[in-house]
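Notes for the structure review
So the chains spell out like this:
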Amino acid sequence: MQEIQNKPEHPRDAHGRNPSLGMAMVPAGSTDSGWTANLGQSEMDLSCPRGSDWWTGKNPDRCPGISREGYLTALPIPNLRTCTRQQVRDYFDNGWTITEALFASLNTEEAFYRPPYHDLRHPMVFYYAHPAVLYVNKLRVAGLVHSPVDEYIESLFETGVDEMSWDDMAKNHIRWPSIDQLIAYRRQVYELVASVIESHEGIADGHRPITMNDPLWALFMGFEHERIHIETSSVLMRELPLHLVKRSQWLPPLHPSASEASRSAPRAGDDYPVNPFVPVSGGTVTLGKPVDFPTFGWDNEYGERSQKVDAFEVSRNLISNGEFWAFVSSGGYLEKRYWSDTGWRWRTFRNVKWPTFWTPCGPAGSHEYSLRTCFETVAMPWSWPCVVNYHEARAYALWRHEMDSSVDGEVPADIVYELPSEAQHQRLRQLCGQTDDTVAETANLNFRWGSESPVGQGDAPVSDLFGNVWQWLEDHFNPLPGFRIHRYYDDFSTPCYDGEHQMIMGGSFISIGDEATSHARFHFRPHFFQHSGFRLARRKASAASGVVLLNDDKDSSGSASGSVASELVSHYFAAEALSPLEKVSGQLACYQQTVADWLTSYIDEAGTGTGSALEVGGSVGGLAYILAGRFQKVISVDLRVHLVDAAQKLRETGRVEVCVPEEGALTRDYLRELDAERLNRIDFRRCDPSSLPADYVGFDAVVLSDVITRLPSPSALLSRMYGPRGLVAPRGLLLVLSAFDWSERVTPKELWLGGYVDESGSPVSSEDSLRSALAPEFQLLQKRDLPMVIRHDSRRFEIRMLTGLLFKRSS
């Protein structure tokens, strides 16, 4: 095996938006970026290898799962009917120590605090503490522990980042605790979790089966959550500069096939296996994990869907680096026709010309590449699966269709090339007869190796259905019929049922625990990188693939998105556009102005500052524009891309221009020049309200604009209002505006704040539940009913009556 360690970064990789891992070292004393203020805090030597004081649980050489060769591998997921107390303790120790062995591969303090090149995730320090924090928080929710270990740490490290787009860059200027502090915190949490395991009667000899209704479910949730982050953290380490990582002696080595390859064009059959399409018969598959299955499962795994799958063909193997090289070398990254509109915007923004983990190692244009693994660079193994995101996989499929179609008679005109659907993937598993037990013996799974391995191994009709790398699917992440949110983690899946997350299945070499089982259903945004590759499927255009796609042109409620023109008129031209209503109702004041006047009238009385305001559900920004006249900085966020685009355009141009229907074919133009100084104070941003950036904290005023009933989990947003890192600053104002128009199409009924009858037959009020959720940190100042009017044309208006609840946070 030849490894190219600490190779100087290629000069072409220095482009700031090119994802090929080019980063220079931080000069001593540098203050060029806010994150560097975190350096110099730790007294512990964080260079590799680690000393004995690094380990907060079991030392690796005494940890369950240590192999005869001396490295850590994963224990199988426990059977919740029969697991002993010792098996549960061993499973906990195994995951905990694998986490610390993984983070022992970070070389120096800089590796913990440097943000990733794309600025779309937290630095590694977050993921070092986050799994421990979740243990505490979920055990508290379940009533297994009753107090925090460190309330500040458990607030700061509670919620990760789910960026909306490749250019949705966090600033990463958070001041993080020192690694010394976090080591001490992890040591406390380890003892806390161990004490629950050792004392809880629910895992004593002869215990009853542990089910999702048992408080101990939260303990196993912590186990599996940690195992998810072992994998996602390894991907972020793969994106760090080489000088910041060094494979820990306790982690499995690269697969033995990592060896020097030819720098000439890879040859099919020599450097990588030939990859034919194989026919797959049609049939019916049933998706979903039975509720009584004796292992832990995430909420999205449960439910049941039966789907008919028509006959199709599929590539026997995952697409290898050698196969993908042909796409790269033929200029596939530069041809817009192969890419979706979104994929092309991502490609051009990042200036991508080859897969992110390929490193050019020859003259420009020679298409000679090495491969970056998690901790080293190796000569390109052309037989390994190519790790790409969904956009790249989809572009390859269109390119491949064009290439195959150019061969006379090779591909009929009515054949579609695509990625498999979830139903097709399950059909392949069904026909290959693979089970968790058989897969565990043969697949590159459960951290048996520390890297990918060659495709096409074994004699199964289709290879690598499990392990090696995850496989991108055509389906958007979606709930199965009968899906129910689990109360211990109500925002695990629901925020991602949005048509913006692409499904992956099958697991990778580092997938362990539930991720390494046949029931795992996972997802990522299409521009994101995981240890994920793909295979191709092809079918007749008339045949059904079973793909589940959510409509990108609809909002989270599933209803048609509001007209941009109508929103602009409502926000910026209310006085003129609503004048016809005066004949029947008297003058209706501008809703946005009314809200702003109400909010700002309490600023002096409440002793609230005017430094910053946040509006969630800001649409095209009319309220934000008014508030910018009083606040020094206003952030307006919304999930609906067409409305955020319109708001950003008016900020760039300094004017609002809109043409709206009057009567028949007659229209009217509206034009308004906006104040440049106000606009400069506003940041319009597309964000998921259920997953706002972690650096959003301490606003003087927060407005939730008719948003809580448009969320799958409203409590995920409300919980961000308070606590040590609450969105609302002490003495700050919170204005909640809502029509309380709950819908099961958006929010599962068990997560409604109100609008239903409880088990005792009593009606539950959304207002009362909201006030209860915000107590005791918030005091209600005033309640008002506010009409909000949307104009469709001169004679059609939509009026919604919203309840406004204005709160003040205690000091």
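This write-up is about the structure you can find in this document. (Residues numbered from 1 in each chain as written. Predicted model: local features only at pLDDT ≥ 70, side-chain atom pairs only at ≥ 80, totals over all residues. Heavy atoms only, no water.)

**Some words on the side chain of Arg-686**
Going by this rule: Counting from the N terminus, the helices are DSSP H or I runs at least four residues long and the strands are E runs at least two residues long. Here the term buried applies to any residue with accessible area under 20% of the maximum for its type, exposed to any over 50%, and partly exposed to those in between, with areas from a 1.4 Å probe on protein chains only. Within 3.5 Å is the distance limit for a polar contact, defined as a pair of N or O atoms, with the added protein rule that one can donate a hydrogen and the other accept it, and that residues adjacent in sequence qualify only through two side-chain atoms.
Looking at the element boundaries, Arg-686 is found in strand E19 (residues 682–686). With relative accessibility at 17%, the residue Arg-686 sits in the buried group. A polar atom in the side chain of Arg-686 sits 2.7 Å from the side chain of Glu-500. A polar contact is formed between the side chain of Arg-686 and the backbone oxygen of Leu-639, at a distance of 2.7 Å.

**Structural notes on the packing of aromatic side chains**
Aromatic rings considered in pairs are described by the distance between their centres and by the relative angle of their planes. Here is the rule: Any Phe, Tyr or Trp ring, taking Trp's six-membered ring, that has another such ring centre within 6.5 Å forms a pair; planes under 30 degrees apart are called stacked, those over 60 apart edge-to-face, and the others tilted.
Inspection of every chain in the model, using the stated rule, returns 52 aromatic pairs. Centre to centre, the rings of Phe-220 and Phe-223 are 5.2 Å apart; their planes meet at 75 degrees, and the pair counts as edge-to-face. In this pair, Phe-220 and Phe-223 are both assigned in helix H6 (residues 217–238), 3 residues apart and thus about one turn of the helix distant. Judged by relative accessible area, Phe-220 falls into the buried class, the value being 1%. Given a relative accessible area of 0%, Phe-223 falls into the buried group. A centroid spacing of 6.3 Å and a plane angle of 80 degrees characterise the contact between Phe-324 and Trp-358, whose relative ring orientation is edge-to-face. Remark: Trp-358 occurs in strand E6 (residues 358–360) and Phe-324 occurs in helix H7 (residues 321–329); sequence separation between them is 34 residues.

**Let's talk about the sheet that holds strand E25 (residues 796–809)**
Pairing between sheet strands relies on hydrogen bonds along the backbone, with the strands arranged either parallel or antiparallel. Operational definition: In this description, strands pair whenever DSSP reports at least two bridges between them. Note on geometry: axes are C-alpha line fits, over the in-contact stretch for helices, and angles between N-to-C directions span 0 to 180 degrees. Contact criterion: two residues are considered in contact whenever any of their non-hydrogen atoms come within 4.5 Å of each other.
The strand order across the open sheet formed by 7 strands is E19-E16-E15-E20-E21-E25-E24, and the pairing between neighbours is mixed. Of all strands in the sheet, those with a lone pairing partner are E19 and strand E24 (778–793), marking the two edges. In this sheet, neighbouring strand axes are inclined to one another by 15 degrees on average, regardless of whether the strands run parallel or antiparallel. Pairing between strand E20 (residues 699–705) and strand E21 (residues 728–738): 6 bridges, direction parallel. By the bridge assignment, Val-703 is partnered in E21 with Leu-735. Contacting E20, E21, E24 and E25, helix H15 (residues 591–601) crosses the sheet at an angle of about 165 degrees to E24.

**Looking at the pairing of E21**
In terms of burial, E21 is a largely internal element, 9 of the 11 residues being buried. As judged from the 6 bridges shared by E21 and E25, these two strands associate in the antiparallel manner. Residue pairing across strands places Ser-738 opposite Thr-803, the latter belonging to E25.

**Re the side chain of Arg-347**
Rule in force here: In this count, Lys and Arg are taken as positive residues and Asp and Glu as negative ones, while His and the chain termini are left out. The rule for a salt bridge is simple: a side-chain nitrogen of Lys or Arg has to be within 4 Å of a carboxyl oxygen of Asp or Glu.
Relative to the helices and strands, Arg-347 is located in helix H8 (residues 341–350). No salt bridge is formed by the buried Arg-347; its nearest oppositely charged neighbour, Glu-392, is found at 9.2 Å. In this structure Arg-347 touches Tyr-333, Leu-334, Trp-339, Val-352 and Lys-353, once residues within four positions along its chain are discounted.

**Observations regarding the pattern of salt bridges**
Charged atoms that come close allow side chains of opposite charge to pair. Summed over all chains, the structure comprises 30 salt bridges. Asp-93 is the salt-bridge partner of Arg-89, the closest N and O atoms lying 3.1 Å from each other. Pair noted here: Arg-89 and Asp-93 are both in helix H1 (residues 85–103), with a separation of 4 residues, about one helical turn. Relative accessible area serves as the criterion here: at 15%, Arg-89 is assigned to the buried category. As a salt-bridge pair, Glu-198 and Arg-89 come within 3.0 Å of each other at their nearest N and O atoms.

**Some details on the nonpolar core**
A general feature of soluble globular proteins is that nonpolar side chains tend to end up buried together. Defined as follows: Working definition of a nonpolar core: buried Ala, Val, Leu, Ile, Met, Phe, Trp, Tyr and Cys residues. They are joined through side-chain atoms within 4.5 Å.
In terms of nonpolar packing, the biggest core is built from 136 residues, with Trp-54, Phe-103, Phe-112, Phe-324 and Trp-358 touching the most fellow members. Of the residues forming this core, the biggest block, 12 residues, is contributed by helix H3 (residues 124–141). Residues in contact with Phe-112, not counting those within four places in the same chain, are Leu-46, Arg-50, Trp-54, Phe-103, Leu-106, Pro-123, Met-124, Val-125, Tyr-128 and Ile-179.

**Some details on the sheet that holds strand E13 (residues 532–533)**
The strand order E12-E11-E10-E13 describes an open sheet built from 4 strands, whose pairing is mixed. Strands with a single pairing partner mark the edges of an open sheet, and in this sheet they are strand E12 (522–524) and E13. As judged from the 3 bridges shared by strand E11 (residues 502–505) and E12, these two strands associate in the antiparallel manner. Paired with Ile-504 across the two strands is Phe-522, which belongs to E12. Packing against the sheet, helix H10 (residues 422–432) makes contact with strand E10 (470–476) and E11, and its axis sits at approximately 10 degrees to E11.

**Looking at helix H21 (residues 766–774)**
An α-helix turns once per 3.6 residues; consequently, residues spaced three or four apart project the same way. Note the cut-off: Regarding the arc, it is the one traced by the directions from the helix axis to the C-beta atoms.
Of all the positions in H21, only Ser-766, Glu-767, Leu-770 and Leu-774 are classed as buried. All buried residues of H21 fall inside an arc of 100 degrees around its axis, so they share one side. At its buried positions, H21 is contacted by helix H20 (714–718), E21, strand E23 (763–764), E24 and E25. The N-cap residue of H21 is Ser-765: its side-chain oxygen and the backbone nitrogen of Glu-767 are 3.2 Å apart.

**Notes on unusual backbone geometry**
Between Cys-48 and the following residue, Pro-49, the backbone shows a cis peptide bond with an omega angle of 0 degrees. Considering the arrangement of structural elements, one finds Pro-49 in the loop between strand E1 (3–4) and H1. The omega torsion across Ala-775 and Pro-776 is 5 degrees, close enough to zero to call that bond cis. If you trace the backbone, Pro-776 turns up in the loop between H21 and E24. Of note, His-367 is a non-glycine position whose phi angle comes to about 55 degrees, a positive value. Along the chain, His-367 turns up in the loop between E6 and strand E7 (369–372). Positioned with a positive phi, Asn-446 is a non-glycine residue whose angle comes to about 60 degrees. Along the chain, the position of Asn-446 falls in the loop between helix H11 (436–442) and E10. Residue class for Asn-446 comes out buried when judged on its relative accessible area of 19%.

**Here we look at the packing of H1 against H3**
The test is simple: Geometric relationships in this document are graded by angle, where less than 35 degrees denotes roughly parallel, more than 145 denotes roughly antiparallel, 65 to 115 denotes roughly perpendicular, and other angles denote oblique. Take the far helix as your reference; a near helix turned counterclockwise from it by less than a right angle gives a left-handed crossing, and one turned clockwise gives a right-handed crossing. Side-chain classes follow a simple rule in which Ala, Val, Leu, Ile, Met, Phe, Trp, Tyr, Cys and Pro form the nonpolar group, Asp, Glu, Lys and Arg form the charged group, and the remainder, Gly included, forms the polar group.
It is the contact of H1 with H3, at a shortest axis distance of 11 Å, that shows an interaxial angle of 165 degrees. Taken together, H1 and H3 sit at an angle that is classed as roughly antiparallel. As for how H1 packs across H3, the hand of that crossing is left-handed. Taking contact as the criterion, the partners of Phe-92, Trp-96, Glu-100 and Phe-103 in H1 are, on H3, Met-124, Tyr-127, Tyr-128, Ala-132 and Tyr-135. Taken together, the residues of the contact of H1 with H3 sort by class into 8 nonpolar, no polar and 1 charged.

Any functional reading would require information that these geometric values do not contain.
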